Structure formats: C-alpha cells, structure tokens
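So you can see what is in the structure, the chains are spelled out below.
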Amino acid sequence: MNIDRLGLSPCFLRARFWHAILHVNLLRKAPPAAYSGFVSTVLTSTVVPSAPRFVHYSQDNDGAPSKLGDYFWYSLGMLGTHHYKLKIYKGRYRTWLERANDLDCLTLIWAVQALQSSHEKFARKFITYPKEAVTEKMIGEFAIYKWELETIVTSLLTTPKDRPRLGKYRYTNLTQFSSLSSLVHYLRDIENIEYAKTGTADNIWEEMYRIGQRQFSWQRGYNCEQLYRYAYVYGQGECAEFFEEQNGLSVSIFLWLSLALFALTMEKPWIIAPDVSILKMGQDNMEKTLALHSIELTDARSKAKALIDDAVTKLRAPLRTAYMPSLLRQRSMLKNTGRVTTYCAPLPPLVMNRATAGLYYDIKQGPDRLLTEANTRFEEYIRKLVEAYHPRFAALKGEPYGSSKATEVDPPDCLVKDGEEITIAVECKATKLTFEGQFAENPTIAAKQGLEQLAKGIFQLWRFFSHVRRGIYTTHTVSPTAHGIVLTMDSWMQMATKLREGALERAKELAAADPEIKDEDRRMVVFASVQELNDTFAQTETDNFMTVLGHAVSEKYRGYGLPKLARECGVQLVRKGFPLNVAEILPWWEQI
C-alpha cells in the first residue's frame, strides 16, 4: 500500500518518532480499508499504554481532537530508555507469574473471560470485581482481550515457579479482577516496547498483519458453518477412517462430545469427566475425547517450552511476547490429576478450535494421500456452498481440456455458471497457514511455500482467461468480465498488503513463461477465505454478491475483506441462515 495515499507529509515519515505518528495520526486520519472497524482494537491493545490508553478513533470521527502530542512526548522518553523500561516490566510480569499458583491462576483467567463473555453469574463465584469490569465491549478501561489471556496462559506455563523464602513473602492474589488487570497492563507495556525496539516505517504493514492474525479469530467466534466445513473436509472417506483407527472414536462423535465439553466449560472453570450415558453412548468415548483435548499440567509446561524453542529455531530469531505459540491450540484443556481428576479449559472457545481446525493436525499424521483427499473435499464443499446460498448458480467441476491429451490442463476448481455463461472462476487453496507464516518478522519469506501456492492459483486463473480468449477452452461460454477468486481454507490475506503484492508479483513471473498470456488476461483477482465467502453469502442476494465482487477488484476497495466491503459499498443487505443440512454430515445435530 502506498504511504503517500494516507495523507501524511514526508517530514512525519522521516521523524525519529515514526511509531507514535503511524499508530495514532496515520490510523486516525486515514485507516486503510482493511482496518475499518478494527482500528479501535489496535489502538487499545497495541499503542503505548502509558499514554492515554483508551482513545477511540475511527473513520467516522475525523473532527475529534488529536492525542498525537501525548503519544509523541511519551515516545521521546520511551525511545531513550526502552531497554531499562522493558527490564522493569518483564520483571514485574515474571514475578506475578512466578508467585502464582497454577490452578488458581487458571481459575482466575477463566473467570475473567467469563465475566466479559456474558457469563457474570458463573464468574462471580470465583473472583471479586468492579461492576465496570462486566463488559463485552472491545473498548474501555476494564476490557481484557481473549488473545491477551491466551498469551498469559502461555507465559504461565513457561515461567518457572519461585521458591517461597523465609520472612515476608507475597503470593500473587488470584481472587481479584484487579490483580489480573495489573498483569495485563505489564503485558501491554512489554509488547509495545518490544515492538518499538524493532519496528520501522517499512514494516508497519507486516505488524498490522501479525496483529490481525493474533486477534481476528477471536472476534469471529464459532458457528455451524465451521462444524459442517471441517466435518465435511476431514470427517469422511479415508480421513475419517484414519482418525478413528488412531483415536478409537469417529470424527462425528468427537465433534459432538467436544460441543458438550464446550458448553460445560463455559459454566465451570474445572470439570470432571461428564457422564454421557444420557447420550446413549459408552463412557469410553468421553475419555477418548478428553484425551485428545487435555494434557497434564506438568506435561503442559514442558510441551509449551518445546513449542517456543521450536518456533525460535524455525524463525531464527527471539520471539516477541505477543506472538508466542499457544499450547491451547493443540490441547485446549489442562488436566489436574489428584484424588479426583479434573479438567480446565481456561478459554472455552479453544475447545471448539481444537475440534474443528485442529482436525488438520490429526490427519496430517497420516499418509500424504489423506491431505490430498481433504483438499479435494474442500473443493467439493465450495461447490455445494455456492449452490446452496445461490440456487441461480450452477457450480461446476470442470474437466481437463486442451488440443490433445499431452497438452491438457485442468480448469479452475469451481466454475460458477449464471444462466448461459461462466461468471466466476474459483481456485481453492487449502494450504495451511503455519505459525511462521503468521508471526514471522517477514511473513512473505517465512510463508514462501504457501505464498507459492497462492501465486500458482492466480497464475492458473490468468491462464484460464487466456485460454478462453484464444479459444482453447470451449466447454462453456465464459463471460468477458468473469471474476477470478483465490479462495483459501485459512485466512491468509487479512490485512496482508505485502503478501498480496508478493503473490501477484510471483504470479507475474509464472505467467511470463507463457507469452500468450496478455495483460488483458491478467485481471485483478479477489482474495478471500472460505469464512469470508460464507459471511458475504449470508448477507447478500445473488445480484448484489456479483456487485460486491465488482467492487472488490476496484482500486477504491483494494484490501477490503469481502464481508466489510459488502457492508460499505451500498448494496442491500439481508440475513440468511446456513443453508446446508448439518445433520447429513453430523447425524446427532438434530438431537441438540
């Protein structure tokens, strides 16, 4: 994205205090399209916390008085003393964790997330708190974000415990909201100073990408579309057989019991293995489900440290506190074995993350053909989704074409036919977005393999449009204004300006090998994740969806996510339920 378009004078960008200007004045004056609706979250969770912390800026309040001076003068002091301040804040953060009882700390973390997730009646049994702390808003002095709590759990598991000494010794208070709130403020101080040490005007967009990867999944939540999608992709055929052979229960039963665990862990911080006889199944199914979700607390410590060590090795650089790998993404529950074995899901939504997106890691342990099968089912799922939301469309799986068997190529994975013409061509990429691809200092390099797949998708669309123009593809009539979509399983392109540019540049290199691919074939493509596509389908009728696609390739809406674009481009919005029958994949769905 061109910095000059953002309304900043060159002298600002040359200033030594660039980070204060970029984080406040730049975002306030002209937030990039993809940041709209997100700027306030960035400012409250990533700006320098010792400055006025909870200031809400958006595209709608350009007349608001600027707080730039406050941040500017704070930065003057911070840049000169950040090593000293970082040492102080890390010391306070570490001391809090060293002196915290693990079980009680997990209870406190659970209670705070419950308090700010409409479950105050459950939280009040375990902690005391001011009434202002009962909030679901992303803005406010008492707001504590779920991604911050996830980081704190990782820190808790990787911080060695202090040994109590003789004399006056203070344990961490784990019964009050204010105690965790103080820890969160230490965390925010650490995150900001760590960024100030390495951030430059050249990598601001990479930082916004990392922030988005950390936060957006928490803002979306979970729904029946995700259950259906992951069950469809990983819960059928050889993938389903492999999962059952390895774990002793089916994907369907695992999802069902995971949903039950999610409901239970929303109400209690610690649970025992629930009795599932009411569901008319053996208790061993629940034991096996818990085994997939949980890990002993002592084992969790060594596993969490190993994840961090592995990440450091792969990234070849120290990890910043904000971007540590989370064990809860692999094991959503911590197990405490005593007289009675109990389980804690400090962040209950991650139970569903493990049960859905986490299935990838179960299948990955098998032979390569399983992931190939999963990729094929992903393409099938997209065709089903298109036709279910838009009955006017026919979503086709194209057959190989060419002048001879030797020169045959595959068309895009999904050809969307509207009447007599193909109006949309979709390339589906189920490539996994790795930890390195999300949080490396240079995601373009770290995610090179995945980026190559995205570039290949762009090239394949350009090649198809070239073949249509040259009369090589004749199976169906293709509209001269047909749109190309590169559709991903994971959210590769959210706030990813440089990744987009990198994928497009690499696609041009691939296309250069075929001189018959002309500039008119290299039309701008739409980047979207399947989650974004579903969310856009759910709020637009067919004609309006086509209008949204038209805007998506325009310069005005460059970088917008499809759902946000639909809300802002002026089309009439509707509200649709998920149209596919979940029970056809998960038979128990009708019982809940």
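In what follows, the structure referred to is the one given above.
On a predicted model such as this, the values are computed, not experimentally measured, just so you know. (Residues numbered from 1 in each chain as written. Predicted model: local features only at pLDDT ≥ 70, side-chain atom pairs only at ≥ 80, totals over all residues. Heavy atoms only, no water.)

**Things to note about helix H22 (residues 530–537)**
Here's step 1: Within H22, seven of the eight residues are buried, which leaves the element mostly enclosed by the surrounding structure.
Here's step 2: Buried within H22 we find Val530, Gln531, Glu532, Leu533, Asn534, Thr536 and Phe537. (Buried < 20%, exposed > 50% of the residue type's maximum accessible area, 1.4 Å probe, protein only. Helix = DSSP H or I, 4+ residues; strand = E, 2+ residues; numbered from the N terminus.)

**Notes on the packing of aromatic side chains**
Here's step 1: This structure, assessed with the given rule, holds 18 aromatic pairs.
Here's step 2: Look at Tyr557 and Tyr560: their rings are 5.1 Å apart centre to centre, the planes differ by 85°, and that puts the pair in the edge-to-face class.
Here's step 3: Among the aromatic residues, those joined into a ring-pair cluster are Tyr228, Tyr232, Tyr381 and Phe578.
Here's step 4: When the ring centre of Phe465 is taken as reference, the NZ or CZ atom of Arg523 above it lies at 3.8 Å. (Phe/Tyr/Trp six-rings, centres within 6.5 Å; stacked < 30°, edge-to-face > 60°. Lys NZ or Arg CZ within 6 Å of the ring centre and 35° of its normal.)

**Overview of the side chain of Gln226**
Here's step 1: Take Gln226: it is sitting in helix H10 (residues 224–234).
Here's step 2: Among all residues touching Gln226, those that are not within four sequence positions of it are Gly221, Thr356 and Gln531. (Contact = heavy atoms within 4.5 Å.)

**Brief notes about the environment of Thr497**
Here's step 1: Take Thr497: it is sitting in helix H21 (residues 497–512).
Here's step 2: Taking relative accessible area as the criterion, Thr497 reaches 16% and is therefore assigned buried.
Here's step 3: When the C-alpha atoms of Thr497 and Arg558 are compared, they prove to be 9.3 Å apart, with 61 residues separating the residues in sequence.

**Describing the sheet that holds strand E7 (residues 421–429)**
Here's step 1: Spatial ordering of the open sheet is given by E5-E6-E7-E8-E9, a layout of five strands whose pairing is mixed. Each having just a single partner strand, strand E5 (393–396) and strand E9 (526–529) make up the two edges of the open sheet. On average, adjacent strands in this sheet sit at an angle of 25° to one another, irrespective of strand direction.
Here's step 2: With five bridges connecting them, strand E6 (residues 414–418) and E7 associate as antiparallel partners. Residue Cys414 lies in a different strand from E7, and its bridge partner there is Val426.
Here's step 3: Against the sheet, helix H17 (residues 368–389) makes contact with E5, E6, E7 and strand E8 (477–488), and its axis sits at roughly 170° relative to E5, the strand it touches most. (Pairing = 2+ DSSP bridges. Axes fitted to C-alpha atoms, helices over the stretch in contact; angles between N-to-C directions.)

**Topic: the pairing of E6**
Regular strands show a simple pattern: their side chains alternate between the two faces of the sheet.
Here's step 1: With four of its five residues buried, E6 lies for the most part within the structure.
Here's step 2: For E5 and E6, the ladder comprises four bridges, and the chain directions are antiparallel. Each bridged residue has a counterpart across the sheet, and for Leu396 the counterpart in E6 is Leu415.
Here's step 3: As consecutive antiparallel partners, E6 and E7 are separated by two residues, and within that stretch Gly419 has a phi angle of approximately 75°, a positive value.

**Considerations on the packing of H17 against H22**
Here's step 1: Orientation of H17 relative to H22, taken along the N-to-C sense of each, is 10°, at an axis distance of 11 Å. In this view, H17 runs roughly parallel relative to H22, as classed from their interaxial angle. Here H17 contributes Phe378, Tyr381, Ile382, Leu385, Val386 and Tyr389 to the contact with H22, which in turn contributes Val530, Asn534 and Phe537.
Here's step 2: The class makeup of the residues in the contact of H17 with H22 is eight nonpolar, one polar and no charged. (Parallel < 35°, antiparallel > 145°, perpendicular 65-115°, else oblique. Nonpolar A, V, L, I, M, F, W, Y, C, P; charged D, E, K, R; others polar.)

**Regarding the packing of H10 against H22**
Here's step 1: Contact geometry for H10 and H22: axes closest at 11 Å, N-to-C directions at 135°. As summarised for this structure, H10 and H22 are arranged oblique, according to the angle between their axes. Seen along the crossing, H10 lies across H22 with a hand that is right-handed. Across from Glu225, Gln226 and Arg229 in H10, the residues of H22 making contact are Val530, Gln531 and Asn534.
Here's step 2: Along the lines of polarity and charge, the residues of the contact of H10 with H22 split into one nonpolar, three polar and two charged. (Left-handed = near helix turned anticlockwise from the far one by under 90°.)

**Here we look at the nonpolar core**
Here's step 1: Judged by nonpolar contacts, the single largest core of 75 residues is most densely connected at Tyr234, Tyr381 and Ile424.
Here's step 2: Here the element with the most residues in this core is H17; it accounts for eight residues.
Here's step 3: Residues contacting Tyr381, with those up to four places away along its chain left out, are Glu225, Tyr228, Arg229, Tyr232, Val530, Phe578 and Leu580.
Here's step 4: Counting residues in hydrophobic clusters, the runner-up holds 48 residues, among them Leu86, Cys105, Ile144 and Ala304. (Core = buried A, V, L, I, M, F, W, Y, C linked by side-chain atoms within 4.5 Å.)

**Here's the deal with unusual backbone geometry**
Here's step 1: Of note, Ser118 is a non-glycine position whose phi angle comes to about 70°, a positive value.
Here's step 2: Take Ser118: it is sitting in the loop between helix H5 (102–115) and helix H6 (120–123).
Here's step 3: Phi angles above zero are rare outside glycine, and Lys280 is one such case at about 60°.
Here's step 4: With respect to the element layout, Lys280 can be found in the loop between strand E1 (270–271) and helix H13 (283–293).
Here's step 5: According to the relative accessible area criterion, Lys280 is exposed, its value standing at 79%.

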